[in-house]
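# Report on the structure
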Amino acid sequence: MRAIAIVAAGVFRDSIRERIAYGLVFFALLIMAASFLLAQLTAGQDVKIIKDLGLAASSVIGLFIAIFFGISLVTKEVERRSIYGLLSKPVTRSQFVIGKYLGLAVTLVINVAVMAAALYVVLAYFEWSTPGKAKEAWEAAAIDPALIKAFALIAVELLVITAVALFLSTFSSPFLSVALTVAVYIIGHFGDDLKHLDNIVESKALATVGRGVYYVMPNLARLDVKSAVVHAVPVSATHMFFSTLSALLYVAVLLTASTLVFARRDLK
Amino acid sequence: MDVIRTEGLTKHYSTGFWRPRPYAALQDLTFTVGQGEVFGFLGPNGAGKTTTLKLLMQLIFPTAGRAEILGRPVGDLGVRKRIGYLAENPYFYDNLTAEELLQYFARLFGYSASDCRRKASQLLDDVGIGAERRFQLRKFSKGMVQRVGIAQALVNDPELVFLDEPMSGLDPIGRREVRELILRLRDRGCTVFFSSHVLSDAEALCSRVAIVVKGRLVANGSIDELTAFRAQGWELVVSGMSDDVLKRTQAGVSTVTSLGGGRFALELPLTTPPERIIPELVKSGASIVSLNPVRATLEDFFIAQVRAAKDDRTLGNDVVNKRAAS
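Per chain, the residues get numbers from 1 upward, laid out in the order the sequence is written. The lettering of chains begins at A and the numbering of ligands begins at 1, in the order of writing. Where local features are concerned, this predicted model is filtered to residues with pLDDT of at least 70; where side-chain atom pairs are given and counted, the filter is 80 or more; whole-chain, interface and lining totals use all residues.

### Notes on helix H3 (residues 98-107) of chain B
Burial of H3 of chain B is extensive: nine of the 10 residues sit out of reach of the surface. The set of residues buried in H3 of chain B consists of Ala98, Glu100, Leu101, Leu102, Gln103, Tyr104, Phe105, Ala106 and Arg107 of chain B. Looking at the buried residues of H3 of chain B, the elements they touch are helix H1 (2-15) of chain A together with helix H4 (113-126) and helix H5 (142-153) of chain B. Here a residue counts as buried when 20 or more other C-beta atoms fall within 10 Å of its C-beta, as exposed when 12 or fewer do, and as partly exposed in between; the C-beta atoms come from the backbone. Helix numbers and strand numbers start at the N terminus; a helix is a DSSP run of H or I with at least 4 residues, a strand a run of E with at least 2. Contact between two residues is assigned when their C-beta atoms, built from the backbone, lie within 7 Å.

Next comes the structure, spelled out in structure tokens:
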């Protein structure tokens, strides 16, 4: 455990000094600020626009970081040969893989927390600057604690995507890993549609394939409660718990597979 | 006691996209390294030196054969605590400073935070990294990264250290400092295994060397053993030799060179043993100044071995052709 924690701390320290990560988070904050201006132009929908854009920006920027940093966790180390120094120390390959993952996971969770805090600041200012009468048209309060649920599931989704990116990068090229991770992300958001493909298509074979893909791919649609939160639809604790649990189990399976693949890989 | 032992270590790669062919990067490598030795692993570019080191570090896995380090299989976590490794042209994390990198690696060996700081500082002093230690590694030159690489290989006071081309990228001062460092390591009982194609370094430092060519071991032994059988004769320096004696002795001598001040260097062929000529010279009043064997240098030996291996068509990296030939 000690080696994993040290490797994770190393990744965290390295990634918080990556200028590109700061750039992406700054971009998300900029979108949130811009959403405030946009909201001024739309009567009645103003607070929803800020929440929508804020959550979407957090999700997309987090996705960028998860995919590109997730893939580079292993590939960059192998291509640049920095892994040689690390693996000659008392660190097993599985400790390396898990430590790398956890280091980036912590970075991502902190990024999401920063973006959540920024959105709350924008919303707090908006609430303060909005007349009392106008607030009556809002479906939910500006400073809605339910937003935390959406951010929490964004973070869980990013943990899944990072695990997918890491797993794919243990055996495929960086370009292919990016393409496949994006494909998993897209398919993962159509999980329920895949499961019930027989309602849409007539081909039994296609429906079976769709169901098969549904069981292999992560069900990211369950982790997307952004729209529900913005429209004040309740998100139950049970949904939060089981969605998170199944996502974390998926992460555990992917990490196990990553360590198994990486354990026998020649680092040329 | 052997600290490194390999038996039939072999590594094949697949090359080619449409029709993959096995390529033998290393073939049937068997050697041992004793405790406290400075062992030079020599070979031309592409001979299989780095492949061997990667196999010993378990960065790659052998196609056949096995290797042990400190009596345990390679990859044993307990062994890793007792060894150090410098990769060829090392690369580390751009965003960390030299100090942070060393502390990071030191923590993996279980040292306390204060010990990590102390070790990092001491090692960076040893390899000549001054105030730059607080710069991020992205700003380091190749030679400075090499120095940091050497420092990280020593962070755990290893019993055995593997250095892949340790002099690469270093300026003359750096090369001398690394040579001195290797000798200091030897003096404190550390075994040093280093790969190089710089033969002067090997000649100056190594107690024993192995030469690999085209993935095969072609020579293994002490420099004296490897070069002695190629002794070409003797060089005898005498003074106070009269012209008469000079004429008489010239019969069994290859060349006579005047060194000035009444001293002459006589080159004796192997057919003229020095013990036959020395008594005659002494009897005639000449003084013996020195007697040295004229030997091939390690470079002569190395070049002869490499040329012989290249001429030998049975040696080669192409596994398919070799199988067909056999």
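On we go.
### Digging into the environment of Phe39 of chain B
Residues and elements named next belong to chain B. You can see Phe39 is positioned in strand S3 (residues 38-42). Measuring from C-alpha to C-alpha, the distance between Phe39 and Ser207 comes to 6.2 Å, with 168 residues separating the pair along the chain. Once you skip the residues sitting within four places of it in the chain, Phe39 turns out to touch Val33, Val192, Phe193, Cys206 and Arg208.

### Here we look at the interface of chain A and chain B
Taken together, the contact pairs 22 residues of chain A with 21 residues of chain B. Among the elements that line the side of chain A that touches chain B, the one with the most residues is H1 of chain A, at five residues. Only Asp, Glu, Lys and Arg are considered charged, only Ala, Val, Leu, Ile, Met, Phe, Trp, Tyr, Cys and Pro nonpolar, and every remaining residue, Gly among them, polar. Residues that form the side of chain A that touches chain B fall into these classes: seven nonpolar, five polar and 10 charged.

### Some remarks on the packing of helix H3 (residues 46-80) of chain A against helix H8 (residues 174-188) of chain A
All names here are of chain A. Working convention: axes come from line fits to C-alpha atoms, limited for helices to the stretch in contact. Angles between N-to-C directions cover 0 to 180 degrees. At a minimum axis separation of 10 Å, H3 and H8 run at an interaxial angle of 140°. The two elements H3 and H8 cross, and the hand of that crossing is right-handed. Side by side, H3 and H8 meet where Leu63, Ile67, Ile71 and Thr75 of the first sit next to Pro174, Ser177, Val178, Thr181, Val182 and Tyr185 of the second. Considered class by class, the residues forming the contact of H3 with H8 number seven nonpolar, three polar and no charged. Definitions for this section: a left-handed crossing has its near helix turned counterclockwise from the far helix by less than a right angle. A right-handed crossing has that turn clockwise.

### Quick look at the environment of Ser14 of chain B
Residues and elements named next belong to chain B. Following the sequence through the fold, Ser14 ends up in strand S1 (residues 2-15). A tally of 10 C-beta atoms within 10 Å means that Ser14 is categorised as exposed. Separated by 125 residues in sequence, Ser14 and Lys139 have C-alpha atoms that sit 37 Å apart. The contact partners of Ser14, leaving out residues within four places of it in the chain, are Pro20, Arg21 and Pro22.

### Topic: the domain arrangement of chain B
When its domains are assigned, chain B resolves into domain 1 (2-82 + 158-228) and domain 2 (233-294). Computed over C-alpha atoms, the centres of domain 1 of chain B and domain 2 of chain B are 43 Å apart. All the domain ranges listed were derived from an automatic or database domain assignment.

### Concerning the sheet that holds strand S7 (residues 160-164) of chain B
All names here are of chain B. If you trace the six strands from one edge of the open sheet to the other, you get S6-S7-S8-S3-S9-S10, paired in mixed fashion. Both edges of this open sheet fall to strand S6 (83-86) and strand S10 (216-221), since each of them pairs with a single strand only. Going across the sheet, the axis of each strand differs from the next one's by a mean of 15°, ignoring polarity. Any two strands with at least two DSSP-identified bridges between them are counted as paired. Judged from the four bridges that link them, S3 and strand S9 (residues 208-213) form a sheet pairing that is parallel. Paired with Leu42 across the two strands is Ile211, which belongs to S9. Contacts from helix H6 (residues 172-187) reach S3, S7 and strand S8 (191-196) within the one sheet, and its direction differs from that of S8 by about 150°. The sheet strands contacting helix H11 (residues 298-311) are S3, S9 and S10, and the helix crosses S9 at an angle near 25°.

### Focus: the pairing of S10 of chain B
A regular strand places its side chains so that they alternate between the two faces of the sheet. All names here are of chain B. Relative to S10, S9 runs antiparallel, the two being bridged by five bridges. Looking at the pairing, Ala210 lines up with Asn220 of S10. Between S9 and S10, which pair antiparallel in sequence order, lie two residues; one of them, Lys214, sits at a positive phi of approximately 50°.

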